[in-house]
Amino acid sequence: MVKPVVRVLDTTLRDGEQMPGLAFNSEQKLEIAMALDDLGVDIIEAGSAIISEGERDALKKLSRARLDAEICSFARGVKADIDAALECGVDSVHLVLPTSDLHLRYKLRKSRSQLKETAAEMARYALDHGLKVELSAEDGTRTAPSFLKEFFSVGVEEGVHRLCVCDTVGVMTPERMQELFLDLTRTFKLPIAVHCHNDFGLATANTLAAVRGGAQEVHVTVNGLGERAGNASLEEVVLSLHHFYKVGTNVDLKKLYRVSRLVERLAGLPIPPNKAVVGENAFSHESGIHTHGVLKHPLTYEPISPEVVGQRRKFVFGKHVGTSAIRNELRQMGLKPSEEQVKEIFNQVKRLGDRGKLVTDAEWRAIVDSVMGRSFEEILKLKELTVVSGNKITPTASVRLLVHEKEFTDSGVGVGPVDATINAIRKIVEGMSNIRLQEYHVDAISGGTDAMVNVVVKLTDGKRIITARGASGDIIMASVQAMLNGVNRLLWDKRLKGNAKRKI
Ligand code: KIV
Ligand code: ZN
């Protein structure tokens, strides 16, 4: 049993949102905050109240939402920032002042003693108005340690609740971080937080090192979102604390994947497949050697069970596939193939894989059906597609689909012709089933304007997820093919199970 000892401040909605091009609206912030609260995060830094009307609206919504987590606003050492936070009814402020000589000289144009005066005055002001205060040293890791202590002492004298050291440009190493925290935690009785950036890819390691040195709070963001290379990632930090150091947090590890996907969707920033813990490939296996090992004993090629973080194990088929994975998958599908059939499926998967492709679910099923002599019927067929686009009109698509000789027509608009076409198809499909498009990827197989385009979609009917491909010299047709291939597969599976919707 791992005891919760380290508190988690999640700053996805403040520092994470500072990622170029990212902005959550207040509904999205509320949805993410509720998920973070349910996950067990202790403090949510939800924004900076001074920023805008929308930001204040979000902070007000979160403050009224009666979450268990403390709702915190970022504030510079400026009265107006604290007043704005007060107006929003937050529980606390993350009061941030830069402490390095570099920042003092070039950004703030203040002396060290002026900075200490400001820190004291602002901390007092916030405390007098009933706010909890976490006093942060921005660029703290490039600040002379003696001055860092002087700065923190000012806060301690005023009665702030917590201190925080920021590795603002991610220049620490784990050894130096641990030493710094050992020194600071020997000097101060208050909880000290660590706030790391990932410029050298060391944000998680440095955060863990700070905890080894006595840090009692970690600042993190979901999926490591944040400026430049991002912040320490929530999922990596809490899992590592738990797994390697037996240091607990209040975070429910099983919910990590779900929250990560929610933030991915609302941020519109796809998680790289190889992202630790929450990436699509974190528990996927393709190579024959690995799948064989995992099937015999999962720990051979997995450090932890995927279920620990709410993920699931996936076997992906491509050119490295082995026969054990194929046999296993066929068994899962309730099939009893002969050895020749396994061999033939294996050869076909290899051939597709050799062309540099991962085999999508729909392609896998088509191979299995043809080798095993199983039937498959395309339920949805494209009858007609018209797309209009140009510099003066909204891209619009009109689609006519045949479903068992019955025609369904709809139209869609979008940011471009592909989007409009997908939207039109979506309308028809969503009108007759609960299939939803989850992901859409496109890449060109060759260079040039006549390139072969490869579109892969991920669709779900709520119970199953299926990937499907379309390939064509025309990106619109490739997209249509991918959508129809995936939808047809899902519908056919449902039909086989005998619970297809009547309309279909
Ligand atoms: O990285 C940093 O220094 C920060 C502070 C402004 C808190 O995000
Ligand atoms: Zn930061």
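Residues numbered from 1 in each chain as written. Chains lettered and ligands numbered in written order. Predicted model: local features only at pLDDT ≥ 70, side-chain atom pairs only at ≥ 80, totals over all residues. Heavy atoms only, no water.

A.B. asks: Would you mind going over the nonpolar core in detail, with residue names and values included?
C.D. replies: Nonpolar side chains tend to gather and get buried jointly when the protein is soluble and globular. One finds Ile-44, Phe-152 and Leu-234 to be the most contacted residues of the largest nonpolar core, which totals 90 residues. Here this core gets eight residues from one element, more than from any other, and that element is helix H5 (residues 112–128). Excluding anything up to four places from it in sequence, Leu-234 contacts Val-8, Asp-10, Leu-39, Val-41, Val-220, Thr-221, Val-222 and Leu-256. Listed in part, the 31 residues of the second largest apolar core include Leu-380, Val-403, Leu-459 and Leu-491. (Core = buried A, V, L, I, M, F, W, Y, C linked by side-chain atoms within 4.5 Å. Buried < 20%, exposed > 50% of the residue type's maximum accessible area, 1.4 Å probe, protein only. Helix = DSSP H or I, 4+ residues; strand = E, 2+ residues; numbered from the N terminus. Contact = heavy atoms within 4.5 Å.)

A.B. asks: Help me get a handle on the coordination of the zinc ion (ligand 2), residues and values and all.
C.D. replies: A metal bound by six donors in octahedral fashion has ideal angles of 90 or 180 degrees, whereas one bound by four tetrahedral donors has an ideal angle of 109.5 degrees. Around the zinc ion (ligand 2), the protein contributes the donor atoms Asp-15 (OD), His-195 (NE2) and His-197 (NE2), at 2.0 to 2.1 Å from the metal centre. Within one chain, the residues donating to the zinc ion (ligand 2) are spaced in sequence as D-x179-H-x1-H. Residue Asp-15 is found in the loop between strand S1 (7–10) and helix H1 (26–39), and its partner His-195 is found in strand S7 (residues 192–196); the two are separated by 180 residues along the sequence. With respect to burial, Asp-15 and His-195 carry one shared label: buried. (Donors = N, O, S within 2.8 Å, 3.2 Å for Na, K, Ca; no water.)

A.B. asks: Lay out the sheet that holds strand S5 (residues 132–138) with the relevant residues and their values.
C.D. replies: Overall, parallel pairing links the eight strands, which are arranged S1-S2-S3-S4-S5-S6-S7-S8 in a closed barrel. Looking at each pair of strands side by side, their axes are set apart by 25° on average, direction ignored. In the sheet, S5 pairs with strand S6 (residues 162–167) via four bridges, with the strands oriented parallel. Bridge pairing in S6 links Glu-134 to Arg-162. Strands in contact with helix H8 (residues 203–212) are S6, S7 and strand S8 (217–220); relative to S7, the strand with the most contacts, it is inclined by about 165°. (Pairing = 2+ DSSP bridges. Axes fitted to C-alpha atoms, helices over the stretch in contact; angles between N-to-C directions.)

A.B. asks: Tell me what's going on with the sheet that holds strand S12 (residues 396–403), and back it up with residues and numbers.
C.D. replies: In space, the three strands of this open sheet follow the order S11-S12-S13, with antiparallel pairing throughout. Since the sheet does not close on itself, it has two edges, and those belong to strand S11 (380–388) and strand S13 (406–413), each with one partner. Strand after strand, the sheet turns through a mean of 15° between neighbouring axes, direction not considered. In the sheet, S12 pairs with S13 via eight bridges, with the strands oriented antiparallel. Its bridge partner lying in S13, Leu-401 is registered against Phe-408. Where helix H15 (residues 417–432) meets the sheet, it contacts S11, S12 and S13, and its direction lies at approximately 135° from that of S13.

A.B. asks: Describe in detail the site of ligand 1, supporting the description with residues and values.
C.D. replies: Near ligand 1 the following residues occur: Arg-14, Asp-15, Phe-74, His-94, Val-96, Glu-138, Cys-166, Thr-168, His-195 and His-197. Separating an oxygen atom of ligand 1 from a side-chain N or O atom of His-195 is a distance of 3.1 Å. The separation between an oxygen atom of ligand 1 and a polar side-chain atom of His-197 is 2.9 Å. Expressed as a share of its isolated accessible area of 260 Å², the protein-covered part of ligand 1 is 93%. Looking at the shell around ligand 1, its residues break down into three nonpolar, four polar and three charged. (Near = heavy atom within 4 Å. Polar contact = N/O pair within 3.5 Å; in protein donor to acceptor, adjacent residues only side chain to side chain. Areas by Shrake-Rupley, 256 points an atom, 1.4 Å probe, with all protein chains shown as cover. Nonpolar A, V, L, I, M, F, W, Y, C, P; charged D, E, K, R; others polar.)

A.B. asks: How would you summarise unusual backbone geometry if you had to cite specific residues and measurements?
C.D. replies: A negative phi angle is the norm for most residues apart from glycine, just as the trans form is the norm for most peptide bonds. Its identity is not glycine, yet Arg-66 carries a phi of approximately 55°, on the positive side. Relative to the elements of secondary structure, Arg-66 occurs in the loop between helix H2 (53–64) and strand S3 (70–76). Relative accessible area serves as the criterion here: at 78%, Arg-66 is assigned to the exposed category.

A.B. asks: Outline the side chain of Arg-261, listing residues and values.
C.D. replies: As for its position among the elements, Arg-261 is in helix H10 (residues 256–267). A polar atom in the side chain of Arg-261 sits 2.9 Å from the backbone oxygen of Val-278. When sequence neighbours within four positions are dropped, the list of residues in contact with Arg-261 reads Ile-271, Val-278, Gly-279, Glu-280 and Glu-439.

A.B. asks: Which residues make up the pairing of S7, and what values go with them?
C.D. replies: The element S7 is largely enclosed, with a buried count of five among its five residues. Here S7 shows no split at all, with Ile-192, Val-194 and Cys-196 on one side and Ala-193 and His-195 on the other all buried. Two strands pair when backbone bridges link them, and S7 and S8 are joined in this way by three bridges, in the parallel orientation. Paired with His-195 across the two strands is His-219, which belongs to S8.

A.B. asks: Explain the domain arrangement of the protein to me, using residue names and the numbers behind them.
C.D. replies: Assigned domains of the protein: these are domain 1 (7–267), domain 2 (284–372) and domain 3 (380–497). Between the C-alpha centres of domain 2 and domain 3 there is a distance of 27 Å. Taken residue by residue, the interface counts eleven residues in domain 2 and nine residues in domain 3. Buried area between domain 2 and domain 3, summed over both chains or domains, comes out near 830 Å², and the portion from carbon and sulfur atoms is 44%. The salt bridge involving Glu-363 is made with Arg-469; its shortest N-O contact spans 2.5 Å. (Domains from an automatic or database assignment. Buried area = accessible area lost by both parts, 1.4 Å probe. Salt bridge = Lys/Arg side-chain N within 4 Å of Asp/Glu carboxyl O.)

A.B. asks: I'd love a proper account of the pattern of salt bridges, names of residues and values included.
C.D. replies: Counted by the stated rule, this structure contains 46 salt bridges. The shortest N-O distance in the salt bridge between Asp-252 and Lys-254 comes to 3.6 Å. Using a relative accessible area of 24% as the deciding quantity, one classes Asp-252 as partly exposed. Accessibility expressed as a relative area gives 54% for Lys-254, which makes it exposed. Ionic pairing is found between Glu-430 and Arg-436, a salt bridge with its closest N-O pair at 4.0 Å. Exposure remark for Glu-430: the relative accessible area of 30% places this residue in the partly exposed category.

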